[in-house]
Amino acid sequence: MTTIRRLGIYGGTFDPIHFGHLAIVEEARWYCNLDRVLIVPTAVQPLKAGHLAPAHHRLAMVQLACADNPALSPSTIELDRPPPSYTIDTLRICREQYGTDTELYLIIGTDAAAELPAWREPDQIARLAQLVVVKRPGYTLELPGLLAAVPPLHNRITVIDGPQLAISSTDLRRRLATGRPVRYQLPDAVYTYIQHHHLYQTEDRHT
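The rules we used
Residues numbered from 1 in each chain as written. Predicted model: local features only at pLDDT ≥ 70, side-chain atom pairs only at ≥ 80, totals over all residues. Heavy atoms only, no water. Buried < 20%, exposed > 50% of the residue type's maximum accessible area, 1.4 Å probe, protein only. Helix = DSSP H or I, 4+ residues; strand = E, 2+ residues; numbered from the N terminus. Pairing = 2+ DSSP bridges. Polar contact = N/O pair within 3.5 Å; in protein donor to acceptor, adjacent residues only side chain to side chain. Axes fitted to C-alpha atoms, helices over the stretch in contact; angles between N-to-C directions. Contact = heavy atoms within 4.5 Å.

(A) Representation of the pairing of strand S2 (residues 36-41) in the model. Counting buried positions over the 6 residues of S2 gives 5, a clear majority of the element. Here 6 bridges tie strand S1 (residues 6-12) to S2, and the two strands are oriented parallel to one another. In the sheet register, Gly-8 faces S2, and the bridge partner there is Val-37. Across 3 bridges, the pairing between S2 and strand S3 (residues 72-74) is parallel. Residue Ile-39 lies in a different strand from S3, and its bridge partner there is Pro-74.

Below you can see the structure in the form of structure tokens.
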């Protein structure tokens, strides 16, 4: 079994997963020299409204999107426990599973970083994992305010410019609902899956 010294954790609704997500993960993996990155679909995210696609579809799309990159591992760590999905619980499980010799790196976008002080136990999140913030278009990181709100983040945060692809799941869902093109914004296998299961058209057609 290969020893994992540096493990990235990237969570989200992935409703659906797209190239913006994958670009963030790959940039963080390269920049921080991560051995592996767990892609973790949430069951129910506490600070977001309900998902449009059921969990099993979102997981399947993540699996398809990660299939050609051995450094990315789809994870059911949040789907396997009762919602809501708290990041602190995920990090504690990762610490138990991978041991103290593995350094944890929590990958988030600048939009999520702004909300970090409102997350459950943000100080403990900072103690358990290095924080990797990848900049996203339209969002500004107020680093002094974040460090003041979560003091343990001092010397435990890395900010990366990243490719900053302006793709959003919300816009993709709107496009899919109205028949507008989404090709080149998400993996072909994910788009084929969405079409096959009639996702993001009418909720009663989800199977």
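(B) Region of the structure containing the side chain of Ser-85. Looking at where Ser-85 falls in the secondary structure, it is placed in the loop between S3 and helix H3 (87-98). A relative accessible area of 6% means that Ser-85 is categorised as buried. Polar contacts involving the side chain of Ser-85 include one to the main-chain amide nitrogen of Ala-43, which spans 2.9 Å. Engagement of the side chain of Ser-85 in a polar contact is seen with the side chain of Glu-78, the distance being 3.5 Å.

(C) Molecular detail of the sheet that holds strand S6 (residues 157-160). Reading across the sheet, the 6 strands line up as S3-S2-S1-S4-S5-S6 and stay open at both edges, with parallel pairing between neighbours. In the strand order of this sheet, the two ends are held by S3 and S6, each with one partner. Mean inter-strand twist for the sheet, computed between neighbouring axes without regard to direction, equals 25°. For strand S4 (residues 103-109) and strand S5 (residues 130-134), the ladder comprises 5 bridges, and the chain directions are parallel.

(D) Focus on the side chain of Gln-130. As for its placement among the helices and strands, Gln-130 is situated in strand S5. When near neighbours in sequence (up to four residues on either side) are disregarded, Gln-130 contacts Glu-103, Leu-104, Tyr-105, Leu-106, Asn-155, Arg-156 and Ile-157.

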